[in-house]
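Residue-level listing of the chains:
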Amino acid sequence: MEAPRTVSTVAQVPLVSDHLLKPICSLSFNQKRPKSPLTRYPKSILTKFTAISPSVSAKPISPPEVETETFEHDEQFDWFSHWYALMPVCDLDKRAPHGMKVLGLDVVVWWDRNQNEWKVFDDRCPHRLAPLSEGRIDQWGRLQCVYHGWCFSGAGNCKLIPQAPLDGPPVHSLPKACVAGYPSTVQNGIVWFWPNTDPEYKDILTKKKPPYIPELDDPSFSFQMFNRDIPYGYEVLIENLMDPSHVDREGGTPIDVNIQKLDKNGFTTIEQPNRKWNFVAPCLLQGTLTIKESLDNTQGKLAQKPPRKDIFIFFCAPVSPGNCRLVSVFPRNFRLWKDPFVSRWMHHIMQNLVIDSDFYLLRVQEEKLTEAGPLNWQKVCFVPTKADTNVVAFRKWLKKYAGGQINWGPKFNGSISPTPLREQLMDRYWSHVVNCSSCNGAYRGFNALKISLQVLSVALVAIMAASKPVMLSTTVRNTLAVVAVLCFVGSKWLSHFIYKNFHFHDYNHAFK
Ligand code: FES
């Protein structure tokens, strides 16, 4: 293998002549700007941005730059040789198997109480391929397929075939009766799995571990885990999460982001003044905002307080073309006093609101990118400012090390299904609530309260109707009537609250 060499490169952006670019690039920070810089130019000029003749005196604009980049020949990223985050442990029920899909692989996650471990198996029974995730954990702690009752141990061995005669050959012990198990582990409170059942990876954990986040095991940090199935692709999700501009689009200012390092394993960028972005391929995106504290003089002597850290951690897993899964967590070591007042499901309502706001536009964007083809991102997107550095770095990484797209193996060709209706696209119940222990509990609790209020309201009306005037004074009757109305209104309000927060919340940017 050739020794690594260091090259200085520039991220790929269209070449444009100075006189076309200057009005865009020379905007000062305080200058009042139109909503989009591109609206200043006639369409005919804009279309030239991607088609400048080499004979024109063209210079690259000041694009996101790669300062140093390690490059080795034949470095292809192997999507099936990395750990993937599946689900926070707190959202997994030990009493039932859970079906999931990652990289097009159907897996079942279940708690093996005999070994005190979460196991990840291929989600198909060796008998007739029924999904084991539709099964149960039997009384001996084995995973049981409910179709015909075959049972499997945590090692994947078949322990019981109910239809096999006791005095017949031990067919359950044949290798073909076993289920394939994936390497798995729990780290940072999350179940991880390695998407390859080949025996050579059986002890992969001793050689390679999932990316570790020390703050998630540090009691001085507070956080809540979140998970959601996302109805657009992994690439679009990663871009969206690492894009600092889209959060503050109207009052936005120039954002100075520079790439520090990019190689097969990911990249690091610095967003001025104090945020560091780290993409550890393929799963982890981490943004760390560090604020140095002033010296602490409370005890008579100066002492350095630990810096405040506000960390965005996103674990993104490709599910299938046009679908992915997000596990996110935002640890911080300051303003901890407010945590007891905000429960986990309240956090999630806010997070779902933020994520939902871009669902539709990102899904449509993905359709356009898919039409353009995985290697043409640089041709169809115009990314002239440093605010897009993270996205340019990601697309550069994807193109250079993965041929511009996820390798799904033989299962998918990369095409995506048409965009579904908004209500289906932004559904929260099936994409989050059923998979979140906290939101699921709140959902059931609110529904129970709603039904209780309805029953109470009807009961009060019935009491008033059944009782004679002499039995109830006017005051009591009026009080009952008010309570009945309040219960009815409360149940209606709860019904609306449940629908908006646990099922579907539409988002119209024009009226926000
Ligand atoms: S398909 Fe599982 S036991 Fe028959």
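Residues numbered from 1 in each chain as written. Predicted model: local features only at pLDDT ≥ 70, side-chain atom pairs only at ≥ 80, totals over all residues. Heavy atoms only, no water.

For the protein, an unreviewed UniProt entry supplies the name Rieske domain-containing protein and the organism Ambrosia artemisiifolia.

Draft legend 1. Seen up close, the overall build of the protein. Counting its regular elements, the protein contains 11 helices and 22 strands. In the protein, buried positions account for 45% of the 512 residues. When contacts within the protein are restricted to residue pairs at least 6 apart in sequence, long-range pairs at least 24 apart make up 67% of them. Roughly 27,200 Å² of accessible area belongs to the protein as shown, and the carbon and sulfur atoms make up 57% of that amount. (Helix = DSSP H or I, 4+ residues; strand = E, 2+ residues; numbered from the N terminus. Buried < 20%, exposed > 50% of the residue type's maximum accessible area, 1.4 Å probe, protein only. Contact = heavy atoms within 4.5 Å. Areas by Shrake-Rupley, 256 points an atom, 1.4 Å probe, with all protein chains shown as cover.)

Draft legend 2. Local environment of a nonpolar patch on the surface. Together, V485, F488 and V489 make up an exposed nonpolar region whose accessible area comes to about 280 Å². With respect to the element layout, V489 can be found in helix 11 (residues 474-502). The exposure class assigned to V489 is partly exposed, which follows from its relative accessible area of 46%. (Patch = residues over 30% accessible without salt bridge, like charges linked within 9 Å, V, L, I, M, F, W, Y side chains within 5 Å. Salt bridge = Lys/Arg side-chain N within 4 Å of Asp/Glu carboxyl O.)

Draft legend 3. Examining the nonpolar core more closely. Ranked by internal contacts, the top residues of the largest apolar core, which has 78 residues, are W79, L86, F315 and W397. The greatest single-element share of this core, amounting to 8 residues, is contributed by helix 8 (residues 389-402). Both of domain 2 (84-207) and domain 3 (223-295 + 303-424) provide at least three residues apiece to this core. Those residues within four positions of F315 in sequence are excluded, and the remaining contacts are A85, I190, W192, I213, C283, L284, R325, L326, V327 and V329. (Core = buried A, V, L, I, M, F, W, Y, C linked by side-chain atoms within 4.5 Å. Domains from an automatic or database assignment.)

Draft legend 4. Layout of the UniProt feature "transmembrane region" (unreviewed entry) in the protein. The feature "transmembrane region" (unreviewed entry), as annotated in UniProt, sits at residues 448-467 and 479-499 in this numbering. Segment residues 448-467 splits into 95% helix and 0% strand. End C-alpha atoms: 28 Å apart. Between the C-alpha atoms that bound residues 479-499 there is a distance of 30 Å. The span itself is 100% helix and 0% strand. (UniProt positions renumbered as here; feature names shortened; annotations may be inferred.)

Draft legend 5. The sheet that holds strand 8 (residues 143-144), seen in detail. In spatial order, the strands read 7-8-9-10; together these 4 strands make up an open sheet with antiparallel pairing. What marks the edges here is a single partner per strand, and that holds for strand 7 (136-137) and strand 10 (158-160). Note: strand 7 against strand 8, 2 bridges, orientation antiparallel. Bridging from a neighbouring strand, R136 pairs with Q144 of strand 8. (Pairing = 2+ DSSP bridges.)

Draft legend 6. Summary view of the packing of aromatic side chains. In this structure the tally under the stated criterion is 29 aromatic pairs. Measuring from centroid to centroid gives 6.1 Å for F394 and W397, while their planes differ by 20 degrees, and the two rings are stacked. You can see F394 and its partner W397 sitting in helix 8, 3 residues apart, about one turn around the helix. For W397, a relative accessible area of 0% translates into the label buried. Judged by centre distance (5.0 Å) and plane angle (50 degrees), the ring pair of Y429 and Y443 falls under tilted. (Phe/Tyr/Trp six-rings, centres within 6.5 Å; stacked < 30°, edge-to-face > 60°.)

Draft legend 7. Structural context of the pattern of salt bridges. Taken as a whole and judged by the stated rule, the model has 17 salt bridges. Residue D122 is joined to R124 by a salt bridge in which the shortest nitrogen-to-oxygen separation is 2.9 Å. Through salt bridges with shared partners, a single ionic network connects K101, D106 and K411.

Draft legend 8. Main features of the sheet that holds strand 4 (residues 98-102). A sheet is described by the order of its strands in space; here 4 strands give the open sequence 4-5-6-11, paired in antiparallel fashion. At either end of the open sheet lies a strand with only one pairing partner, and these are strand 4 and strand 11 (181-182). In terms of strand pairing, strand 5 (residues 105-112) meets strand 6 (residues 117-122) through 6 bridges, oriented antiparallel. Bridged to W110 within strand 6 is K119.

Draft legend 9. View of the environment of T269. Mapped onto the fold, T269 is located in strand 16 (residues 266-271). Remark: the alpha-carbon pair of T269 and N258, spanning 11 residues in sequence, is separated by 5.4 Å. Not counting chain neighbours up to four residues away, the residues in contact with T269 comprise V257, N258, I259, Q260, R275, K276, W277, T389 and N390. Side-chain polar atoms of T269 contact the side chain of N390, separated by 2.6 Å. (Polar contact = N/O pair within 3.5 Å; in protein donor to acceptor, adjacent residues only side chain to side chain.)

Draft legend 10. Region of interest: helix 10 (residues 437-466). Under the 1.5 Å per step criterion, the end-to-end length of helix 10 is 43 Å for 30 residues, consistent within 8% with the ideal 44 Å. Among the residues making up helix 10, those that are buried are S438, C439, N440, A442, Y443, F446, N447, K450, L453, S457, L460 and M464. The elements touched by buried residues of helix 10 are helix 5 (344-356) and helix 11. (Expected span 1.5 Å × (residues − 1).)

Draft legend 11. Representation of the state of the cysteines in the model. Counted by the stated rule, this structure contains 0 disulfides. We note that C158 lacks a disulfide partner, and the nearest cysteine sulfur, in C178, lies 7.4 Å from it. Overall, C178 belongs to the partly exposed group, its relative accessible area being 27%. (Disulfide = S-S within 2.5 Å.)

Draft legend 12. Fine view of helix 4 (residues 234-241). For helix 4, a buried count of 8 out of 8 residues is recorded, marking the element as mostly surrounded by other parts of the structure. Taken together, the buried positions of helix 4 are Y234, E235, V236, L237, I238, E239, N240 and L241.

Draft legend 13. Spatial organisation of the pairing of strand 12 (residues 184-187). In strand 12, alternate side chains face the same way, and those of T185 and Q187 are buried while those of S184 and V186 on the opposite face are not. As defined by bridge partners, strand 12 adjoins strand 13 (residues 190-193) across 4 bridges and the pair is classed as antiparallel. Counterpart to Q187 in the pairing with strand 13 is I190. Between the end of strand 12 and the start of strand 13, which pair antiparallel, lie 2 residues, with N188 showing a positive phi angle near 55 degrees.

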